[in-house]
Amino acid sequence: MAWYDESVFYHIYPLGLTGAPAQNDYGEVVHRLPKLLPWIDHIKEIGCNAIYIGPLFESVGHGYETTDYRTLDRRLGDNDDLKEFVRTCHEKGVRVIFDGVFNHTGRDFFAFKDLQKNRENSQYKDWYCNVNFGGNNEYNDGFSYDNWGGYNLLAKLNLWNPEVKNYHLETVKFWVDEFDIDGIRLDVAYCLNRDFMKRLRYETDQMKQEFFLVGEMLHGDYTQLVNPELLDSVTNYECYKGLYSSFNTHNMHEIGYSLNRQFGPEEWTLYKGLPLYNFVDNHDVERIASQLEDKEHLPLIYAMEFAMPGVPGVYYGSEWGMEGKKEQGSDDSLRPRIHKEDLVENELTNYIAQLAKVRAGSPALKYGDYLQLAIAPDVLVFQRKTNEDRIIFAMNCGDGEFTAHFDAQAGCGIDLITGDSVDFGGGLTIQGKTAMIIRTEEVSLP
């Protein structure tokens, strides 16, 4: 198994967390990234051993309109700051993956600036998709071009062009050589052509063993991107939606259906053994404490995330139950400045730390197969099992206790969250608004 199968990720949006200005004036370098160094101990304390951080590189505003792929955004500091951050993480046993924004650039990127200046004579006119010198746009460039999401500040690169492809691959090699990164999260991977991703897979395999490639994917068949020739993982948006929706509607059949569809025992299920990246919130969606209608469900949803198949992630600040909603189409409130010294561990942070500890000590939770054992509107019980370890996850989001009846294949067990003994005789009684991660005893394995 690879290192990422053993990981719990901590997701950082650095421009927000460090309180960087919303717009880059391309002025003096301000060394904000070192503010994140004290966070590394906190990240380890809650059980995370890998960091997904980004976007990092010079850009105009939110970070995804890249100006320079090989220079840390001056609002965060310089490349030496980034080297020190990754070095310190590695020293403390924490892996680091960067956000890779390869689908598009900002309008201040050197190739686009040359296109603006030299038009038809630009050596970079084929670096972008569908450049039309008979068109125009809101910036009055005197030409039009493809973009991402309808935003002309995000000019779509032509990844079929060998020069563009080679430029990105040289950038990735620079990141590995200069910063010693352990992987890349590919922004809008669903937009990237597979020829580029195939080449990226091959090249990164030569650069570093077990280099982790995880793609942003919102929908569709994940195996189109997760396979030996392309990516190791993608963002599991199907279960993200199923998780919060199941709690809000008191309908565990929704997330139960997704988990069965993805990981169930039948031959036709889709993603057995794939380390999909699980999350309950991130920098693009409302924080889970705002999504959930009942705040008492917060620990339960994290318990399910850590117990289900895949690699769990925690978005910075959400371990304290921080809220954040999209406001007037803006993501700013989802990506706030946080002063670490103003926050202390609370029940939720301690609970997440315990979940991470339980997962770290359980082969079944990291690698085991998935089998649903019982389900009701407020209840989901499933099994994770390897040859040497068997875990039963049981969760009741309702107010009253519920007794689930299923073949436990054991007389008793221990709840790894609380340390309490569990008796399966007469069924498993699950108290209201409680999650249990039970290691069974007297196991009868086939």
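In this text, all values refer to a predicted model and were calculated from it rather than measured experimentally.

Engineer: I keep staring at the layout of surface pockets and nothing clicks. Help me out?
Structural biologist: To find the voids left in a structure, one rolls a probe of water-molecule size over its atoms. The space that makes up the largest pocket amounts to roughly 850 Å³. Lining the largest pocket are 33 residues, and of these Tyr13, His62, Tyr64, Asp331 and Arg335 lie nearest its centre. For the lining of the largest pocket, the elements supplying multiple residues, two or more each, are α1 (14–17) and β8 (151–156). The element that contributes the greatest number of residues to the lining of the largest pocket is β8, accounting for three residues. Class assignment of the residues belonging to the lining of the largest pocket gives a composition of 15 nonpolar, eight polar and 10 charged. Its boundaries defined by the atoms lining it, the second largest pocket holds a volume of some 440 Å³. Lining the second largest pocket are 27 residues, and of these Lys272, Gly273, Leu274, Tyr367 and Gly368 sit closest to its centre. Breaking the lining of the second largest pocket down by element, the ones donating at least two residues are α12 (363–367), β14 (369–376) and β15 (379–385). Per-class residue counts for the lining of the second largest pocket are 13 nonpolar, six polar and eight charged.

Engineer: In this structure, what is going on with helix α8 (residues 252–263)? I would like to understand it.
Structural biologist: One turn of an α-helix holds 3.6 residues; hence residues three or four places apart share an orientation. For α8, which comprises 12 residues, the first-to-last C-alpha distance of 16 Å matches the rise-based estimate of 16 Å (1.5 Å per residue) to within 8%. The set of residues buried in α8 consists of Met252, Ile255, Gly256, Ser258, Leu259, Gln262 and Phe263. An end-on view of α8 places all buried positions within 160° of arc, on one side of the element. Each element contacted by the buried residues of α8 is listed here: α7 (237–248), α10 (298–307), β14, β15 and β16 (390–396).

So, how was this worked out
- Residues numbered from 1 in each chain as written.
- Predicted model: local features only at pLDDT ≥ 70, side-chain atom pairs only at ≥ 80, totals over all residues.
- Heavy atoms only, no water.
- 1 Å grid on protein atoms, 1.4 Å probe; cavity = no way out; pocket = protein on both sides within 12 Å on 5 of 7 lines; lining within 4 Å.
- Points joined across faces, edges and corners; volume = space filled by probe spheres on them.
- Helix = DSSP H or I, 4+ residues; strand = E, 2+ residues; numbered from the N terminus.
- Nonpolar A, V, L, I, M, F, W, Y, C, P; charged D, E, K, R; others polar.
- Expected span 1.5 Å × (residues − 1).
- Buried < 20%, exposed > 50% of the residue type's maximum accessible area, 1.4 Å probe, protein only.
- Arc of directions from axis to C-beta.
- Contact = heavy atoms within 4.5 Å.

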